[in-house]
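Residues per chain are reported as follows:
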Amino acid sequence: MNDALMELDKIMEEGAKKRFQAYSEEDARTKTHFSFGKYINARWSIQEGSRLTAWFQKCKIYNFDDMIDCVITAYHRKLNDKPIQFEELANYYYKKQMAVTEKLKKEKELRDSKKRKKK
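The residue numbering used here restarts from 1 in each chain and proceeds along that chain's sequence as written. Confidence filtering applies because this is a predicted model: local features only for residues at pLDDT of at least 70, side-chain atom pairs given and counted only at 80 or more, and all residues used for totals across whole chains, interfaces and linings. Computation of side-chain values covers all heavy atoms of the structure but excludes hydrogens and water.

### Things to note about the overall build of the protein
For step 1, the next point in the chain: The helix and strand tally for the protein stands at 7 helices and 0 strands.
For step 2, the next point in the chain: The C-alpha atoms of the protein give a radius of gyration of 18 Å, which is well past the 14 Å a tight globule of 119 residues would have.
For step 3, the next point in the chain: For the C-alpha atoms alone, the extent of the protein along its principal axes is close to 65 × 30 × 25 Å.
For step 4, the next point in the chain: Relative accessible area decides the class of each residue, using a 1.4 Å probe on protein chains only: under 20% of the type maximum gives buried, over 50% gives exposed, and in between gives partly exposed. Among the 119 residues that make up the protein, the fraction classed as buried is 33%.
For step 5, the next point in the chain: It only takes one pair of heavy atoms within 4.5 Å for two residues to be counted as in contact. Across the protein, every contact between residues at least 6 apart in sequence was considered, and the portion connecting residues at least 24 apart equals 66%.
For step 6, the next point in the chain: Every accessible area reported is derived by Shrake-Rupley at a probe size of 1.4 Å, with residue values counting cover from the shown protein chains alone. Of the roughly 8100 Å² of accessible surface on the protein, a fraction of 52% belongs to carbon and sulfur atoms.
For step 7, the next point in the chain: Charge counting treats Lys and Arg as positive and Asp and Glu as negative, with His and both chain ends excluded. All charge positions are set by atom: Lys at NZ, Arg at CZ, Asp at CG, Glu at CD. Distance from the positive charge centre (27 side chains) to the negative charge centre (19 side chains) of the protein: 8 Å. Labels follow the DSSP assignment, with helices taken as runs of H or I lasting at least four residues and strands as runs of E lasting at least two, numbered in each case from the N terminus. With C-alpha atoms as the basis for the radius of gyration, the globule rule is written as 2.2 Å multiplied by the number of residues raised to the power 0.38.

### Side note on helix 6 (residues 64-79)
For step 1, the next point in the chain: Multiplying 1.5 Å by the helix residue count minus one yields the expected span of that helix. Taking 1.5 Å as the rise per residue, helix 6 with 16 residues should run 22 Å; its terminal C-alpha atoms sit 23 Å apart, in good agreement.
For step 2, the next point in the chain: Counting buried residues in helix 6 gives 13 out of 16 residues, a clear majority hidden from the surface.
For step 3, the next point in the chain: At the N-terminal boundary of helix 6, the capping side chain belongs to Asn63, with an oxygen 2.9 Å from the backbone nitrogen of Asp65.
For step 4, the next point in the chain: Positive backbone phi, approximately 55 degrees, marks Asp81, located one or two places after helix 6. Counted as a polar contact is a pair of N or O atoms within 3.5 Å, where, for protein atoms, one must be capable of donating a hydrogen and the other of accepting one, and residues adjacent in sequence contribute only when both atoms are in side chains.

### A few points about the layout of surface pockets
Empty space among the atoms becomes visible once a probe the size of a water molecule is rolled across them.
For step 1, the next point in the chain: What the largest pocket holds in volume is close to 240 Å³.
For step 2, the next point in the chain: Residues are called lining when one of their atoms sits within 4 Å of a cavity or pocket point, these points coming from a 1 Å grid over the protein atoms alone, where a cavity is a set in which a 1.4 Å probe fits but cannot get out and a pocket is an open set with protein on both sides within 12 Å along at least five of seven lines. As for the largest pocket, its lining consists of Leu8, Ile11, Met12, Ala16, Arg19, Phe20, Tyr23, Thr32, Ser35, Phe36 and Tyr39.
For step 3, the next point in the chain: The set of elements that each furnish at least two residues to the lining of the largest pocket consists of helix 1 (2-11), helix 2 (14-22) and helix 4 (36-43).
For step 4, the next point in the chain: At 3 residues, helix 2 tops the list of elements feeding residues into the lining of the largest pocket.
For step 5, the next point in the chain: Charged means Asp, Glu, Lys or Arg here, nonpolar means Ala, Val, Leu, Ile, Met, Phe, Trp, Tyr, Cys or Pro, and polar covers whatever is left, Gly included. For the lining of the largest pocket, the residue count by class is 8 nonpolar, 2 polar and 1 charged. Grid points are joined across faces, edges and corners, and a volume is the space filled by probe spheres set on the points.

### Some details on the nonpolar core
For step 1, the next point in the chain: Core analysis: the largest hydrophobic core is formed by 26 residues, its most contacted members being Met1, Phe20, Phe36, Phe56, Tyr75 and Phe86.
For step 2, the next point in the chain: Only helix 1, helix 4, helix 5 (51-58), helix 6 and helix 7 (86-118) provide two or more residues apiece to this core.
For step 3, the next point in the chain: In terms of residue count, the dominant contributor to this core is helix 6 (8 residues).
For step 4, the next point in the chain: In contact with Met1, other than residues within four places in its own chain, are Leu52, Trp55, Phe56, Cys70, Val71, Ala74 and Phe86. Joining through side-chain atoms within 4.5 Å is the link that ties buried Ala, Val, Leu, Ile, Met, Phe, Trp, Tyr and Cys residues into a set, and such a set is a nonpolar core.

### Quick notes on the pattern of salt bridges
For step 1, the next point in the chain: For this document, the term salt bridge refers to a Lys or Arg side-chain nitrogen within 4 Å of an Asp or Glu carboxyl oxygen. Taken as a whole and assessed by the stated rule, the structure comprises 12 salt bridges.
For step 2, the next point in the chain: Among the ionic pairs, Asp9 bridges to Lys17, the shortest N-O distance being 3.4 Å.
For step 3, the next point in the chain: By relative accessible area, which is 25% here, Asp9 ends up partly exposed.
For step 4, the next point in the chain: A salt bridge links Arg29 to Glu25; the shortest N-O distance between them is 3.7 Å. Of this pair, Arg29 and Glu25 both sit in helix 3 (residues 25-32), 4 residues apart, which is roughly one turn of the helix.
For step 5, the next point in the chain: The exposure class of Arg29 is buried, given its relative accessible area of 15%.

Structure (structure tokens):
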């Protein structure tokens, strides 16, 4: 992750860096996910699998969009001289993934229950 943040610092133009830095953290994630996030995905082959992807998976972050959002958030914090607090970020995305998994599980159980009642 640190390598990725240092690389972004090297390649991002100063004007773009200042605009990105001026966003709130939430806006940085939501407004740049489909532009800057696409670049991050392509640059580090997030979906194809890379060292960065493997690192995220070791941290129990498996969703590609969450990986991208995490890089965006970490870089935004770095530019704004805020602590990155990666463990906190990883925990947030892990809990988010578990909530989605639980929701899907409950929806499946409900569908299965309705099918059984029809028989």
